Protein chains: 8
Amino acid sequence: MADAFEELGFAKVDHARAARCGRPEVIFCEGKTPAEVTAIARRIVAASGYVLGTRASREHFAAVAAELPAAGYHERARCITCGAAAPSGSRHVVGILSAGTSDLAVAEEAAVTLAAFGQRTVSIFDVGVAGLHRLLARIDEVRACGVLIVVAGMEGALPSVVSGLVDRPVIAVPTSVGYGASLGGLAALLGMLTSCGSKVTVVNIDNGFGAACAADAILRLAGEGTAA
Amino acid sequence: MADAFEELGFAKVDHARAARCGRPEVIFCEGKTPAEVTAIARRIVAASGYVLGTRASREHFAAVAAELPAAGYHERARCITCGAAAPSGSRHVVGILSAGTSDLAVAEEAAVTLAAFGQRTVSIFDVGVAGLHRLLARIDEVRACGVLIVVAGMEGALPSVVSGLVDRPVIAVPTSVGYGASLGGLAALLGMLTSCGSKVTVVNIDNGFGAACAADAILRLAGEGTAA
Amino acid sequence: MADAFEELGFAKVDHARAARCGRPEVIFCEGKTPAEVTAIARRIVAASGYVLGTRASREHFAAVAAELPAAGYHERARCITCGAAAPSGSRHVVGILSAGTSDLAVAEEAAVTLAAFGQRTVSIFDVGVAGLHRLLARIDEVRACGVLIVVAGMEGALPSVVSGLVDRPVIAVPTSVGYGASLGGLAALLGMLTSCGSKVTVVNIDNGFGAACAADAILRLAGEGTAA
Amino acid sequence: MADAFEELGFAKVDHARAARCGRPEVIFCEGKTPAEVTAIARRIVAASGYVLGTRASREHFAAVAAELPAAGYHERARCITCGAAAPSGSRHVVGILSAGTSDLAVAEEAAVTLAAFGQRTVSIFDVGVAGLHRLLARIDEVRACGVLIVVAGMEGALPSVVSGLVDRPVIAVPTSVGYGASLGGLAALLGMLTSCGSKVTVVNIDNGFGAACAADAILRLAGEGTAA
Amino acid sequence: MADAFEELGFAKVDHARAARCGRPEVIFCEGKTPAEVTAIARRIVAASGYVLGTRASREHFAAVAAELPAAGYHERARCITCGAAAPSGSRHVVGILSAGTSDLAVAEEAAVTLAAFGQRTVSIFDVGVAGLHRLLARIDEVRACGVLIVVAGMEGALPSVVSGLVDRPVIAVPTSVGYGASLGGLAALLGMLTSCGSKVTVVNIDNGFGAACAADAILRLAGEGTAA
Amino acid sequence: MADAFEELGFAKVDHARAARCGRPEVIFCEGKTPAEVTAIARRIVAASGYVLGTRASREHFAAVAAELPAAGYHERARCITCGAAAPSGSRHVVGILSAGTSDLAVAEEAAVTLAAFGQRTVSIFDVGVAGLHRLLARIDEVRACGVLIVVAGMEGALPSVVSGLVDRPVIAVPTSVGYGASLGGLAALLGMLTSCGSKVTVVNIDNGFGAACAADAILRLAGEGTAA
Amino acid sequence: MADAFEELGFAKVDHARAARCGRPEVIFCEGKTPAEVTAIARRIVAASGYVLGTRASREHFAAVAAELPAAGYHERARCITCGAAAPSGSRHVVGILSAGTSDLAVAEEAAVTLAAFGQRTVSIFDVGVAGLHRLLARIDEVRACGVLIVVAGMEGALPSVVSGLVDRPVIAVPTSVGYGASLGGLAALLGMLTSCGSKVTVVNIDNGFGAACAADAILRLAGEGTAA
Amino acid sequence: MADAFEELGFAKVDHARAARCGRPEVIFCEGKTPAEVTAIARRIVAASGYVLGTRASREHFAAVAAELPAAGYHERARCITCGAAAPSGSRHVVGILSAGTSDLAVAEEAAVTLAAFGQRTVSIFDVGVAGLHRLLARIDEVRACGVLIVVAGMEGALPSVVSGLVDRPVIAVPTSVGYGASLGGLAALLGMLTSCGSKVTVVNIDNGFGAACAADAILRLAGEGTAA
């Protein structure tokens, strides 16, 4: 086990991670100071050529941009990117569906993450189950995707419906959208975990980033086939 | 306030209830002895002409039938009935939808209750959201109903979908069907309460009886219109 | 399935909804920008003649009013309305009862919604179970209603009591009023779900809007009878 | 601190407790063997003249009765008694109200405990809030009591109503009667804790014994006044 | 049932409450506007001679004081008082114990309430179970009280210990003091409900007012004895 | 939407599912009678050539085997199989890791499901994080898998560790193994959802079947690449 | 990392564990067959000279004893032992305190475990906080211990009190003894975690074994000092 | 029981605590005014020579420093110290491990506390289980410690892994770092309580101070051995 990392005192930047896990470290900015985020970001760009920061505030971005002028800020997704991975060359695209307009921030975090990883995405928003015809109107686009990321708050029913309509892996992302009995997203989370759709797997509440990482790992596995 | 009741010592049989609430008392048998259920049932039949017992075991039924030979037992619904109300004459029928075969017991408790109250029902079973075409295939029947009772366990998504397709009151009944994160029906309950379908109201887990009472009250209100 | 909707990019305005569900879309304003709310509101008014926005802030209203001068703001209910449906012509009125003065915001959301839908309401406030005589003093008014919406926080006992006194559908709305063991409204919600009143159905915590939609659907069903 | 106790190895019988706390130890039988219960019971009778065992099975009773022939078993209350305290001489009686017939076991545990402590009780059963007239019909009896113990499952609303009608301490006992959202009595417990009735205090679910102990302590305090 | 109340539109002031429940209405100020609180306070003073407002902010007080110059504000207890009941003449004093300095606000709400009701109290603060000798040093004072109100956050163990040392009713008040696993006071609440001390009853988290009402009702019952 | 299904009265067998979702229906046997399971199984075999039943008891198997002599029973996995899909031809194998010997039932449900779907698996059991060297000793085998299913109860830490060591999709399955604070598997579930491993997705507690379905969908996606 | 283990197929017996963690593996018998337990036990005895099995049924013991005649069964503790470690030679003894007689099973699991590990213990049972004098009567014995294991159900207050009286590490063990609001031991667990006693650490509900392991590790650390 | 304390009115400063519990009182500053903290701090320094305040704001520090110029503020740990205990002379050092950079505040509270108590510590930060090589790279340092404090948020898996690698007491500290299903630290807490590592004990969420107290008590016990 000869993996290497760089000691910053307050953090250990894991440069061997790309080899071990396929992607360089991503910075979870919440709870870190702008200076800490910047110091980590600089080292990752130096080693890997690009960097992604999630849960980033405007303050985080200002500090990073002062050091890395190529960096950009994705407001709704609350992400910082600087560069991106080479295009994956995958034949497949990731479909990102969301139930309501309030779920957009989470859906866009997934989209920005996949773009940073060189994957192609298609976004299909506001197709919640209370108006099924909106989803059915775009069902061919949905079926053409290789992997589906399905984002929903409230009762979180959309992944079950999607899973019944397609023959692809479905990654469900509950959101904290809702009030009262939605319990900060727990209702949607429990609904997705007990989904009657058998191909559905679930990530944490509001974790668009995690869903994107799982989708990316699936497409890279599928891509090996084509590459070979 | 001159309402009357009959004192049995262990219970007070509420004979004025029919006037006040539209229906005679129904016996919740669980936690009562067969002898207690029988004693109450006899008095209600004497006063109202029919009786309904829910959550009844075979032992409850045996005791009741010894005294009231006209009584019948509905195995899956776990109900005892003896007689029924006069047909309501309502123009409307209650649609009872269930998501999976495991939800049948609860759906049938609703059906037996409505029959005892003189209402007409149509049952549409096994139309869960993971196979939407099964529901869509019978959508005209669904739309023809005056009230919908929608029974579902697991993630409880069916009422949301139904509510988006019809212009009728939807009463959602979560069931305890499921395991793990279904938390004994809580996942379905929370899902239904946070439903994006705006006409959906909810009753307790496995409470087919309560859903039927609410549907009955709605049809009686609607029936007054026709009668007038 | 030929329903139509209008694509705004961030949302799909569902113009076929009125045909399918009886009422045009209502805007849940929380989590949408004033500009988004305004854009959606304009299109709904154009198609349906009136619009309702719930959970609206003063900022939402200011943006909408700049475009739709006929719009009004209901402060306590946090609703925007612009026009209203034609009077329903229903023989029935909806009774809106609330337990304490702190539950008024939710009760008024229900009242504003029903007014927007052309239904008549009567409000009976501050009749909580700790002072029963206040409720009993107005029991004739309560019994004259076609549907009851009963709003209560704390232990949420009022719907049980009301259900025992009337022969009508009772829609219970728990509120987040309370502290400590009220758990943000969960105590009232659980109490209403386990109500010993058999005609009680329940909506989400603070969801005065949903209760109004259900009451409206019931009255429209009852109205068909009279119209026929 | 010179209090004395007797060491049995598996237990320490606290003979000074009567002096310190007003009443000798009571045996919580669940989780103890019949032999252990008998050994403790014998010593308490020897020291205090009477003994009470709660949560006792028929097996516990058989073992105790073999040694203490004067012992009796209260089936529904699941209590063993052998003798009783001298009559308290209190001018006041404890009212024990219960909402449904299924709550009787808990109500009777309270009644048996108070009898063992030499207090007088009056039982008023099956007066749940869904049929208020049953309670109002006996309101004079209720108001004549010195302390009220109010036992209820499901939504647990009865203590709030009683508290609004009387000028006496109200001790609320939630029961585990119910299903689904009653969560084994938690719904009733939370409802009672958030009661809008200001004189209501609460004990654990199904703890009729604890409610009786509190009522006994109150009457003994009140009794000192008369004695003086 | 001839009880009277005064209709303010947003509230019904319950003037018959003193006769029915022993004490005039108390105003729960949170969630009411200063103007509403003032309007209600004026009427209660007019009818009963004194008034108490709990959960009152400085803004509430300013509005009330402008109209009722005799009103005073109890900062830590967050209470407004204007006048007080006549001294109860009770032989007994209420002991108010608190575990930590952070529990003082709740303990003082109880003390202010009892003073407004004309009862005498003694406060014994900072006697938590981690330093038992502080409690034991004042045990004679504790034992001299007629009723004990025991306020504690964190694990809420103090009522159990007190109950084992005295022969008096113990009213336990959990507080929201703590962090992490204290779950906003739920840990203390559950601990008190499962207390091994048999005379302990419990009120809602931070509900010093409710504990005082219960203690007041107990002392008034005991006082009848002396008066007779 | 021309999908077909067969109506059995108590169930609708969804024959179009294979086309729509890639796999024929699987029977969740729990809560169905042996006769119902057999009736459904017969029709699925007739239409698809093989069938899988999960959560099957010995009684379910006996009934199925009487009709379908080729059926076999997998005791620990509680599965019935009759035939299997053609080998998928995938270049990839699914690794099934489990933390403790008590997690084997769930791990084997996943293995049986994947075998029925024609996928190859390798099982690596008893490699929990309290003895890391057991996992590290087999790390090359783990890294050679295309997808990892990681099964763990108690604190559910294994998926996080595995995710840090490999560059593949990781599907985490919490189990109900544990006691006390494991809360029937909730501790493991929450742990996996909050995993610091970014490629981890999660299924319901004890849902080895669902994890296998997701892994199968991933391998079929990857297989399309090779086929092309 | 050259640690060794023995592969049994269904389990990996970790022979290097003694070197790494100070103690050989202990068998958690629940969920394993008697044959599996026996196979593992035989190998551990062969390698380490003694073995301990926890959560063992009489059936587990019968199978083990047939192979290892020296094995013994501790009924109340539900443990199998065969041999024991050499006496630790520690100057310190572990005090095991329990609050009630119902907590004995957990306390004895701790005692049996420590005996198997060659440590000395003293048991002080039935010293719950509702009768403080029982604890204070033995306070010198308590203070003479090197480490305290404090076992309590219900409200779990004993560790807080003990921690305030001694200058030693206190390991708190919540038990599932109780009912209603004890929530299967959660109330005690939360109480111990929020203990105002600063030296208190906590293990899982009913985990007497874990507490013993922690105490053993502490004494071995302390023992190194003396040995040196 | 002749222990002494000093009465400040709002608090009782427990001067006998050092004798009884080994360390003087520590001030939990949250919820106390700067003036209260200062008054207590002055008295403790006078009696014991040093003081520690936890959960202290900059405002608390400013007030203390005005009176005690030697006081210092530890920003990230939110602690005030003034002086320190004499070096313990322990042969052992406490290892403080943390999983992520966001856990540093809690880890440093533990470090500051131990320094104030005269104990030596070594900090090993950012060694979470998703990058095991970072931990393994420093395993010799970890194994050289006498006690391990392991701080982790999210799924809280680090203590389990550490416990499997070392032969020392492990004190686990869950942190509130995380979102969604981390439930404010409950996921980490439950994970640590159900850890498969048998020597792990747990303290409250974010309670670095409590972990340090337990470690200090262990080292003082071990130190007695060397001293003798």
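Residues numbered from 1 in each chain as written. Chains lettered and ligands numbered in written order. Predicted model: local features only at pLDDT ≥ 70, side-chain atom pairs only at ≥ 80, totals over all residues. Heavy atoms only, no water.

### Concerning the arrangement of the chains
1) Next: In this assembly chain C lies apart from chain F, the nearest approach of their C-alpha atoms being 10 Å.
2) Next: A gap remains between chain A and chain G, with no contact made and the closest C-alpha atoms lying 10 Å from each other. (Contact = heavy atoms within 4.5 Å.)

### Quick notes on the sheet that holds strand E5 (residues 72-74) of chain F
All names here are of chain F.
1) Next: The strand order across the open sheet built from four strands is E3-E4-E6-E5, with neighbouring strands paired in mixed fashion. In this open sheet, the two strands that pair with only one neighbour each are strand E3 (27-28) and E5.
2) Next: Bridge analysis of strand E4 (residues 51-54) against strand E6 (residues 79-82) gives three bridges, and the strand direction is antiparallel. The residue of E6 that forms the bridge with Leu 52 is Thr 81.
3) Next: Packed onto the sheet, helix H4 (residues 104-116) meets E4, E5 and E6 and runs at close to 15° relative to E6. (Pairing = 2+ DSSP bridges. Helix = DSSP H or I, 4+ residues; strand = E, 2+ residues; numbered from the N terminus. Axes fitted to C-alpha atoms, helices over the stretch in contact; angles between N-to-C directions.)

### Re helix H4 (residues 104-116) of chain H
Residues and elements named next belong to chain H.
1) Next: In a regular helix each residue adds 1.5 Å, so 13 residues correspond to 18 Å; H4 covers 18 Å between its end C-alpha atoms and thus fits that length.
2) Next: Most of H4 is tucked away: 10 of the 13 residues are buried.
3) Next: What H4 keeps buried is the set Leu 104, Val 106, Ala 107, Glu 109, Ala 110, Ala 111, Val 112, Thr 113, Leu 114 and Ala 116.
4) Next: Remark: Gly 118 follows H4 within two positions and exhibits a positive phi of approximately 80°. (Expected span 1.5 Å × (residues − 1). Buried < 20%, exposed > 50% of the residue type's maximum accessible area, 1.4 Å probe, protein only.)

### Details of the environment of G:Ala214
1) Next: Its location among the elements puts G:Ala214 in helix H9 (residues 208-227).
2) Next: With a relative accessible area of 3%, G:Ala214 lands in the buried category.
3) Next: Along the primary structure G:Ala214 and G:Leu189 are separated by 25 residues, whereas in three dimensions their C-alpha atoms are 17 Å apart.
4) Next: Discounting chain neighbours no more than four positions away, the residues touching G:Ala214 are G:Ile171, H:Ser198, H:Lys199 and H:Thr201.

### Some thoughts on the relation of the copies chain E and chain D
1) Next: Screw-axis analysis of chain E against chain D gives a translation of 0.0 Å along the axis, an RMSD of 0.0 Å, and a rotation angle of 180°. Between the two chains, the operation in question is that of a two-fold axis. Across chain E, the rotation axis passes nearest the C-alpha of E:Ala222, at a separation of 1.9 Å.
2) Next: Of all interface residues in chain E, 98% are interface residues in chain D too; the two copies therefore contact each other through one and the same surface. (Least-squares fit on C-alpha atoms with pLDDT ≥ 70 in both.)

### As for the interface of chain F and chain H
1) Next: Facing the 21 residues of chain F at the interface are 21 residues of chain H.
2) Next: Where chain F abuts chain H, roughly 1900 Å² becomes buried across the two surfaces, and 76% of that area is made up of carbon and sulfur atoms.
3) Next: Linking chain F to chain H there are zero salt bridges.
4) Next: Remark: the boundary between chain F and chain H carries six residue pairs in polar contact (both at pLDDT 80 or more).
5) Next: Put simply, the parts of the chain that give the side of chain F that touches chain H at least two residues each are helix H5 (132-136), helix H7 (158-165) and helix H8 (186-193) of chain F. (Buried area = accessible area lost by both parts, 1.4 Å probe. Salt bridge = Lys/Arg side-chain N within 4 Å of Asp/Glu carboxyl O. Polar contact = N/O pair within 3.5 Å; in protein donor to acceptor, adjacent residues only side chain to side chain.)

### Regarding the pairing of strand E10 (residues 170-174) of chain D
Residues and elements named next belong to chain D.
1) Next: Counting buried positions along E10 gives five out of five residues, so the element sits mostly inside the fold.
2) Next: Where burial is concerned, the two faces of E10 agree: the one with Val 170, Ala 172 and Pro 174 and the one with Ile 171 and Val 173 are both buried.
3) Next: Two strands pair when backbone bridges link them, and strand E9 (residues 147-152) and E10 are joined in this way by five bridges, in the parallel orientation. Considered in E10, the bridge of Val 151 is made with Val 173.
4) Next: The β-α-β motif built from E9, the intervening helix H7 (residues 158-165) and the parallel element E10 has right-handed crossover chirality.
5) Next: In this structure, E10 lies alongside strand E11 (residues 200-202), joined through three bridges in parallel fashion. In the strand pairing of E11, Ile 171 is matched with Thr 201.
6) Next: In this view, the connection linking E10 to its parallel neighbour E11 by way of helix H8 (residues 186-193) has right-handed handedness. (Right-handed = clockwise from strand over helix to strand, strands pointing away.)

### Looking at the interface of chain E and chain D
1) Next: Counting from both sides, the interface comprises 43 residues of chain E and, opposite them, 42 residues of chain D.
2) Next: At the boundary of chain E with chain D, total buried surface from both sides reaches about 3300 Å², with 60% on carbon and sulfur atoms.
3) Next: Three residues, E:Leu193, E:Ser198 and E:Leu221, lead the burial of chain E against chain D; their summed loss comes to 19% of the area buried on that side.
4) Next: Connecting chain E to chain D are six salt bridges.
5) Next: Across the salt bridge formed by D:Arg91 and E:Glu224, the nearest N and O atoms sit 3.9 Å from each other.
6) Next: Along the contact surface separating chain E from chain D lie eight residue pairs in polar contact (both at pLDDT 80 or more).
7) Next: Looking at the side of chain E that touches chain D, the elements with two or more residues in it are helix H1 (17-21), helix H7 (158-165), helix H8 (186-193), strand E11 (200-202) and helix H9 (208-227) of chain E.
8) Next: Broken down by element, the residue count for the side of chain E that touches chain D peaks at 13 residues, all from H9(E).
9) Next: Here the side of chain E that touches chain D is composed, by residue class, of 22 nonpolar, 12 polar and nine charged. (Nonpolar A, V, L, I, M, F, W, Y, C, P; charged D, E, K, R; others polar.)

### A look at H7(E)
Note that an α-helix has 3.6 residues per turn; residues three or four places apart therefore point the same way.
1) Next: Extensive coverage of H7(E) is indicated by the burial of eight of its eight residues.
2) Next: All of the buried residues in H7(E) are E:Leu158, E:Pro159, E:Ser160, E:Val161, E:Val162, E:Ser163, E:Gly164 and E:Leu165.

### Remarks on the layout of surface pockets
Empty pockets left among the atoms are what a rolling probe the size of a water molecule brings to light.
1) Next: When its volume is computed, the largest pocket comes out at roughly 1700 Å³.
2) Next: Among the elements of the structure, helix H8 (186-193) of chain A, helix H8 (186-193) of chain B, helix H8 (186-193) of chain C, H8 of chain D, H8 of chain E, H8 of chain F, helix H8 (186-193) of chain G together with helix H8 (186-193) of chain H are those that each provide at least two residues to the lining of the largest pocket.
3) Next: When grouped by side-chain class, the residues that make up the lining of the largest pocket number 40 nonpolar, four polar and no charged. (1 Å grid on protein atoms, 1.4 Å probe; cavity = no way out; pocket = protein on both sides within 12 Å on 5 of 7 lines; lining within 4 Å. Points joined across faces, edges and corners; volume = space filled by probe spheres on them.)

### Brief notes about the packing of helix H2 (residues 34-48) of chain C against helix H3 (residues 58-67) of chain C
All names here are of chain C.
1) Next: One can describe the packing of H2 onto H3 by two numbers: an axis separation of 8 Å at closest approach and a directional angle of 45°. Classified by the angle between their axes, H2 and H3 sit oblique to one another. Crossing angle aside, the handedness with which H2 passes H3 is right-handed. Taking contact as the criterion, the partners of Pro 34, Val 37, Thr 38 and Arg 42 in H2 are, on H3, Glu 59, His 60, Ala 63, Val 64 and Glu 67.
2) Next: A per-class count over the contact of H2 with H3 returns four nonpolar, two polar and three charged. (Parallel < 35°, antiparallel > 145°, perpendicular 65-115°, else oblique. Left-handed = near helix turned anticlockwise from the far one by under 90°.)

### Concerning the domain arrangement of chain A
Residue and element names in this part refer to chain A.
1) Next: We note that the domain assignment places domain 1 (5-82) and domain 2 (94-227) within chain A.
2) Next: Of note, the centres of domain 1 and domain 2, computed from C-alpha atoms alone, are 25 Å apart.
3) Next: Each partner contributes to the interface: domain 1 provides 13 residues, whereas domain 2 provides 14 residues.
4) Next: Of the roughly 1200 Å² buried where domain 1 meets domain 2, counting both sides, 62% is carbon and sulfur surface.
5) Next: Between Asp 216 and Arg 23 there is a salt bridge, and its shortest N-O distance comes to 2.7 Å.
6) Next: For the side of domain 1 that touches domain 2, the secondary-structure elements that each account for two or more residues are strand E4 (51-54) and strand E6 (79-82).
7) Next: Tallied by class, residues from the side of domain 1 that touches domain 2 come to six nonpolar, four polar and three charged. (Domains from an automatic or database assignment.)

### Section: the sheet that holds strand E6 (residues 79-82) of chain B
1) Next: Sheet architecture is open: four strands sit in the order E3-E4-E6-E5 (chain B), paired in mixed fashion. Strand pairing shows two members of the sheet lacking a second neighbour, strand E3 (27-28) and strand E5 (72-74) of chain B, which therefore form its edges.

### Regarding the pairing of E6(F)
Residues and elements named next belong to chain F.
1) Next: The alternating pattern of E6 places Cys 79 and Thr 81 on one face and Ile 80 and Cys 82 on the opposite face, and all of these are buried.
2) Next: With three bridges connecting them, E5 and E6 associate as antiparallel partners. Considered in E6, the bridge of Tyr 73 is made with Ile 80.
3) Next: Counting the residues that bridge the hairpin from E5 to E6 gives four residues, and of these Arg 78 lies at a positive phi of roughly 55°.

### A few points about the side chain of C:Lys12
1) Next: Residue position: C:Lys12 is located in strand E2 (residues 12-13).
2) Next: Note on C:Lys12: relative accessible area 2%, which makes it buried.
3) Next: A distance of 2.4 Å separates a polar atom in the side chain of C:Lys12 from the backbone oxygen of A:Phe125.
4) Next: Sequence-distant contacts of C:Lys12, that is, excluding residues within four places in its chain, are made with A:Phe125, A:Asp126, A:Val127, A:Arg134, A:Arg138, C:Phe5, C:Glu6, C:Glu7 and C:Glu25.

### Thoughts on the relation of the copies chain F and chain H
1) Next: Note on the identical chains: chain F maps onto chain H by a rotation of 180° and an axial translation of 0.0 Å, with an RMSD of 0.0 Å.
2) Next: Most of the interface of chain F is mirrored in chain H, where 100% of its interface residues again form contacts.

### Description of the confidence of the model for chain A
1) Next: Residue-level pLDDT values for chain A average 91, and 96% of them are 70 or greater.
2) Next: Listed scores for the predicted complex are pTM 0.95 and ipTM 0.94. (pLDDT = per-residue confidence, 0-100.)

### Observations concerning the pattern of salt bridges
Oppositely charged side chains can pair when the atoms bearing their charge come close.
1) Next: Evaluation of the coordinates by the stated rule reveals 104 salt bridges over all chains.
2) Next: Residue A:Arg220 is joined to F:Asp167 by a salt bridge in which the shortest nitrogen-to-oxygen separation is 2.7 Å. With A:Arg220 in helix H9 (residues 208-227) and F:Asp167 in the loop between H7 and strand E10 (170-174), this pair bridges two chains.
3) Next: A relative accessible area of 18% means that A:Arg220 is categorised as buried.
4) Next: In this structure, F:Glu36 and B:Arg76 form a salt bridge, with 3.7 Å as the shortest nitrogen-oxygen distance. Of this pair, F:Glu36 sits in helix H2 (residues 34-48) while B:Arg76 sits in the loop between E5 and E6, on two different chains.
5) Next: Look at F:Glu36 and you get buried, because its relative accessible area is 11%.
6) Next: Within this structure, A:Arg23, A:Asp216, A:Arg220 and F:Asp167 form a network of salt bridges that share partners.

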